[in-house]
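Listed here are the chains, written in short residue letters.
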Amino acid sequence: MSTDLRLAGVTKRFGAVTAVDALDLTVPAGSFFALLGASGCGKTTTLRMVAGLEEPSAGRILLGDDDITGLRAYRRPVNTVFQSYALFPHLDVHENIAFGLRRRRQRDVRAQVERMLALVQLEGYGRRRPGELSGGQQQRVALARALVNNPRVLLLDEPLGALDLTLRRRMQIELKRIHTEVGMTFVHVTHDQEEAMTMADTVAVMNAGRIEQLGPPAQLYDLPATPFVATFLGQSNLLAGEQAGTVGDDVAVTAYGQRFTVPALRSRAAGTSVFLGVRPEKLHLALSADAVPEAHQRLTGVVTDSSYVGVSSQYLVRTGWGTELSAFAASTGEHRQVPLGAQVVAHWDPRHAFLLDRPPGEGDRTGAADVSLGVSA
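Rules and cut-offs
- Position labels on residues start from 1 in each chain and follow its written sequence.
- Reporting in this predicted model follows two pLDDT cut-offs: at least 70 for local features of residues, and 80 or more for side-chain atom pairs to be given and counted; totals over whole chains, interfaces and linings ignore these cut-offs and use all residues.
- In computing side-chain properties, one takes all heavy atoms of the structure into account and sets aside hydrogens as well as water.
- Lines fitted to C-alpha atoms define the axes, with helix axes restricted to the stretch in contact, and inter-axis angles between N-to-C directions lie between 0 and 180 degrees.
- In this description a helix means any DSSP run of H or I spanning at least four residues, a strand means any run of E spanning at least two, and both kinds are numbered starting from the N terminus.
- Roughly parallel here means an angle under 35 degrees, roughly antiparallel means over 145, roughly perpendicular means 65 to 115, and every remaining angle is called oblique.
- By convention, the crossing between two helices is left-handed when the near helix turns anticlockwise from the far helix through less than a right angle, and right-handed when the turn is clockwise.
- Contacts are assigned to residue pairs that have any heavy atoms within 4.5 Å of one another.
- UniProt positions are given in the numbering used here, feature names are shortened, and annotations may be inferred rather than shown by experiment.
- Predictor confidence is given residue by residue as pLDDT, running from a minimum of 0 to a maximum of 100.
- The criterion for an aromatic pair is that two Phe, Tyr or Trp rings (for Trp, the six-membered ring) have centres within 6.5 Å, with stacked assigned to planes under 30 degrees apart, edge-to-face to planes over 60 apart and tilted to the rest.
- Accessible area is worked out with a 1.4 Å probe on protein chains only. A residue is then buried under 20% of its type maximum, exposed over 50%, and partly exposed in between.
- Ring-over charges, as used throughout, are those where CZ of Arg or NZ of Lys falls within 6 Å of the ring centre and within 35 degrees of the ring normal.
- Each domain span listed reflects an automatic or database assignment of domains.

What follows is about the packing of helix α2 (residues 93-103) against helix α3 (residues 109-119). Running from N to C, α2 and α3 cross one another at 125°; their axes reach a closest spacing of 10 Å. In this view, α2 runs oblique relative to α3, as classed from their interaxial angle. Relative to α3, α2 is oriented so that their crossing is right-handed. Residues Val-93, His-94, Ile-97, Ala-98, Leu-101 and Arg-102 of α2 form the contact with α3, whose own contacting residues are Val-109, Arg-110, Gln-112, Val-113, Glu-114, Met-116 and Leu-117.

A few words now on the UniProt feature "domain: ABC transporter" (unreviewed entry) in the protein chain. Mapped onto this numbering, the UniProt entry gives "domain: ABC transporter" (unreviewed entry) at residues 5-233. Span residues 5-233 is 35% helix and 27% strand, its end C-alpha atoms 25 Å apart.

Here we come to the environment of Ala-38. By the secondary structure assignment, Ala-38 is in the loop between β3 (32-36) and α1 (43-51). Along the sequence, Ala-38 and Val-205 sit 167 residues apart, while their C-alpha atoms lie 9.2 Å from each other. Once residues within four sequence positions are removed from consideration, Ala-38 is found in contact with Lys-43 and Phe-232.

On average, residues of the protein chain score 90 in pLDDT, and 95% of them are at 70 or above. Confidence scores differ between elements of the protein chain, with strand β21 (residues 371-373) showing the lowest mean pLDDT of 34 and strand β20 (residues 354-357) the highest of 98. Taken as a whole, residues 364-377 scores under 50 in pLDDT and shows 45 contacts with residues more than four places along the chain or in a different chain.

The next point concerns the packing of aromatic side chains. To describe a pair of aromatic rings, one takes the distance between the centres and the angle between the planes. Scanning all chains against the criterion turns up five aromatic pairs. Here Tyr-256 and Trp-321 contribute two aromatic rings whose centre-to-centre distance is 3.8 Å and whose plane-to-plane angle is 5°, an arrangement assigned as stacked. Taken together, the residues Tyr-256 in the loop between β12 (250-255) and β13 (258-263) and Trp-321 in the loop between β17 (312-319) and β18 (324-330) connect sequence positions 65 residues apart. For Tyr-256, a relative accessible area of 21% corresponds to the partly exposed category. Here the guanidinium or amino end of Lys-12 rests over the ring plane of Phe-14, the centre of that ring lying 5.1 Å away.

Axis separation between helix α4 (residues 135-147) and helix α5 (residues 165-182) bottoms out at 11 Å; the angle between their running directions is 20°. Looking at the two axes, α4 sits roughly parallel to α5. Remark: the crossing between α4 and α5 carries right-handed chirality. Facing α4, whose interface residues are Gly-135, Gly-136, Gln-139, Arg-140, Leu-143 and Leu-147, α5 presents Leu-167, Met-171, Glu-174, Leu-175, Ile-178 and Val-182.

Domain annotation for the protein chain reports domain 1 (5-221) and domain 2 (235-366). Look at where the C-alpha atoms of domain 1 and domain 2 centre, and you get two points 39 Å apart.

Laid out in structure tokens, this is it:
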């Protein structure tokens, strides 16, 4: 039975520490949903409460109309896949997958196990022991063991964290394929922004026990709602400034003695103190002001660092107020490397900028309004 997973006012306290704070959340049935956040944000605690491994301090957890808050873990129609795989080393692959079926005295165990082996593309591996498998193969067995029980919700707790980068990316594709084939609700906890954006239909970015923003990955990346989301989900250059009224369909911003504009539809700011945000790939470098499109907005600076990372060249540009902007130039074969020490004009299309509220006390870290350079999660 397909039903939404709902958390209503769910709170979890550990002594004086509030790990999850009055969380309201709906995970649509059949979706691939990601809880994304740094260590300690409350995402794993939330997953454990859904699984029945932690008891909420307050609030309710519902599957459709069924309140499962008080049910023990083994009574809940959910299964969890952990980063550690948690396979039984003394049982072969077939018996690891069959374990839950045998405990419930299910019929046609062999047929169900074979169907799961086919789903995770491990046909012929049934008689191998976990120690004879690679990390990726063990993770597939763990998935099959969870899926064979036909849960209404599959919980994924950092399931790819132990894998190397190449294998992790391959497993991301495999997880999406499996989700499409089985059609059940997946709730995936991760601190890896790329992993969440690659696989999930919807991403909830958590911070300090609360959800800062929720939506499709492209929407969160293109139009973040808070400085935290802007710098956790990718990188952002955040220019501290003040709102200065409206100009037609744009919001005017003053910063560093200059005037900029942002489309009103791309503003999430309610107050006067703001951050004007520009993603590094939307920030372009020109060696001459004559090369800057007329509609673009600009700042001048000096290139202090450059790195070639295959898909792009990445630059740091020190501005006149002493801090640095980040700019990415795609490796298309048409880009000319900008030398260190070059005087450049950093410019962007205002349609690609966004405006956020600036928390009190932020933006004055070097004696002047600062650019906050986001760090990838």
